Structure formats: C-alpha cells, structure tokens
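Overview (structure and organization)
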Amino acid sequence: MVKGHTQDLDGGDLEHGVFRLAADEIDVAACLAQVGHDSCGGNALFLGTTRATNRGEDVRSLDYEAFEAMAGPEMERIFGDCRTAFGPGSRDWDEAPPAGERRLRMLVVHRTGTVGVGAVSVLVAAASPHREVAFRACRFLIDELKARLPVWKKEVYGDGHHWIGDRS
Amino acid sequence: MELEIRLFASLRERAGAEQLRLVGLPAECTVAQAKGELEQRHPELGSLGHVRGVLGTRYVPDGTVLDGQEPLHLLPPVSGG
C-alpha cells in the first residue's frame, strides 16, 4: 500500500508538525513508521535517553514535569520556526535542495513522569525527500526544544533529588 | 493590584505550593517588579533573575506590564530532553 496520508493517527498533520507528551514508554519503531512517507528518502531520528550517572551521582530515575497547557503551543511555534528555516517555503542556504524537494514531516514525543535509566525520554524525527533537510530539521527541533519547551527534569538519587538547570 | 502567581518544578517545591497571591502591588506592575516583590516576600524561592514569565501560553519579556487579570506563570530554566 502506498503511504500517501499526511494525517497521523492522532489526527495531526505531520507536515505541520505533530507533538505528543507521553506518560508511557515511547514506541520508537511506530514513531519512525508514522513520520515516514513514500516521498521521503531521508529520515533523521534523535533519541534522548537517561544516563546512569550525572554530576558524579548515581541516577536511579528521572522525573519529567511539563507545563502541559503551554507545551503544545510552544512546540507549535518551534515547528513553525523549523518550517520557515528548512521547509518548502524557506530561504535558500548553501547546498539546499530545490524548494520543491524540501518537503518536511516532523514528529516529536516527550515523556512525562518517571523514566528509568536507559529509557527514551524524548524522540525527534524528521523526514524529507533528501537527507540534508531531515538532518537540519532534526537538529533544529531538539536544540529549540531544549531551550524553550516548558519541561523540567528531576534526577532522583538514592539520597535525594536535583532539578536539572536549577540555579537558585 | 493583586496578582496570582503559578509556579513549576523547583520553584513549586521551594514554595510548597503551586500558586501564590501577591497583594498590594502597584498598578502597571511589570513582570520584573512582580519577581522582585516575590523575592522579598518569599525568600525561600531564592533569586528569580533567571526565571522566565509566561502569560497564557507565551513567554513574555520582564518589562511586560501586568494587569492582574490573568495569572503570571513563573518558569525556572527548562531542562527537557
């Protein structure tokens, strides 16, 4: 069967960008299948996984908290910035493929709640006819997400916890 | 002016509450002024210089004037990923 649909299972439009907060384990294979398309020969995937040690401490698990009402709208803005930078209507950059071949499909899933060591906490997938747009979009999305998405990570140790990024 | 403050992550833990109410603020108080008042009245929160304000679902600059009609969300540095 030819995959020609642009609507994902949640009713979202992957060419606009689809974002989900997930309370349960992220199914990586299903996400890759979702973002893929017969028109896209380049599929870039970034997975963030939880480390066993950080700052010299043994990490038991990580707890992710999201400002859920804002996370969706902020990710929408990040998707928009990504489309503007690399999508079909973007300005040319060095070695950019022709505008007609800058089709871009984007999927981002971020965990909430407790995530065990080694598990996937964030998935960013981008698909495009060629690899250049897919690579650039994937990198852009994870970098912007880490700077802007209202999500916080708490590392839990045997004897306490620490909010990552907390400067007070 | 009264202002409802909503807190997240480390700030919520320090306050021991998801929301606080600031009363007696001057009219046309800015985000920066509200943060300054909060630092004085709730020293347990620590410095709020790195904390970003959100109205609705958008980040707003510290110079934004508040009208007290909607809550000010205060977000510590995000750390998703």
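To start, this report covers the structure provided alongside it. (Residues numbered from 1 in each chain as written. Chains lettered and ligands numbered in written order. Predicted model: local features only at pLDDT ≥ 70, side-chain atom pairs only at ≥ 80, totals over all residues.)

**Some remarks on the interface of chain B and chain A**
Counting from both sides, the interface comprises 16 residues of chain B and, opposite them, 25 residues of chain A. Every element with two or more residues in the side of chain B that touches chain A is listed here: helix H1 (9–15) and strand S5 (72–75) of chain B. For the side of chain B that touches chain A, the class distribution of residues is 7 nonpolar, 9 polar and no charged. (Contact = placed C-beta atoms within 7 Å. Helix = DSSP H or I, 4+ residues; strand = E, 2+ residues; numbered from the N terminus. Nonpolar A, V, L, I, M, F, W, Y, C, P; charged D, E, K, R; others polar.)

**Comments concerning the pairing of strand S3 (residues 52–55) of chain B**
Residues and elements named next belong to chain B. Where S3 meets S5, 4 bridges bridge the pair, whose relative direction is antiparallel. Residue pairing in the sheet places Leu55 in a bridge with Leu72 of S5. Relative to strand S4 (residues 58–60), S3 runs antiparallel, the two sharing 3 bridges. Bridge pairing in S4 places Leu55 opposite Arg58. (Pairing = 2+ DSSP bridges.)

**Focus: the packing of helix H2 (residues 68–86) of chain A against helix H3 (residues 131–148) of chain A**
All names here are of chain A. Contact geometry of H2 with H3 gives a least axis separation of 10 Å together with a crossing angle of 145°. Read as a crossing pair, H2 and H3 show a hand that is right-handed. Residues Glu74, Ile78, Asp81, Cys82, Ala85 and Phe86 of H2 touch H3, and the partners they reach there are Val133, Arg136, Ala137, Phe140, Leu141, Glu144, Leu145 and Arg148. Of the residues that constitute the contact of H2 with H3, the class distribution is 9 nonpolar, no polar and 5 charged. (Axes fitted to C-alpha atoms, helices over the stretch in contact; angles between N-to-C directions. Left-handed = near helix turned anticlockwise from the far one by under 90°.)

**Focus: the sheet that holds S3(B)**
Residue and element names in this part refer to chain B. Spatially, S2-S1-S5-S3-S4 is the arrangement adopted by the 5 strands of the open sheet, whose pairing is mixed. Edge strands, defined here as strands with exactly one partner in the open sheet, are strand S2 (19–22) and S4. Between one strand and the next, the sheet's axes are offset by a mean angle of 35°, whatever the strand orientation. As paired elements, strand S1 (residues 3–7) and S2 share 4 bridges and run antiparallel to each other. Paired with Leu3 across the bridge in S2 is Leu22. Against the sheet, helix H2 (residues 31–41) touches S1, S2, S3, S4 and S5, its axis set at about 100° to S2.

**Topic: the sheet that holds strand S10 (residues 160–163) of chain A**
Residues and elements named next belong to chain A. Read across the open sheet, the 4 strands follow the order S7-S5-S9-S10; overall the sheet is antiparallel. Edge positions in the open sheet fall to strand S7 (113–116) and S10, since each of these has one partner strand only. Strand-to-strand twist of the sheet, defined as the mean angle between neighbouring strand axes without regard to direction, takes the value 25°. With 4 bridges joining them, strand S5 (residues 61–66) and S7 adopt antiparallel strand pairing. The residue of S7 that forms the bridge with Leu62 is Val115.

**Here we look at the environment of A:Leu145**
Within the secondary structure, A:Leu145 sits in helix H3. The class of A:Leu145 is buried, set by 24 C-beta atoms lying within 10 Å. With 23 residues separating them in the primary sequence, A:Leu145 and A:Val122 have C-alpha atoms 9.9 Å apart. Leaving out residues up to four positions away in the same chain, A:Leu145 has contacts with A:Ile78, A:Val108, B:Gly80 and B:Gly81. (Buried ≥ 20, exposed ≤ 12 C-beta atoms within 10 Å, placed from the backbone.)

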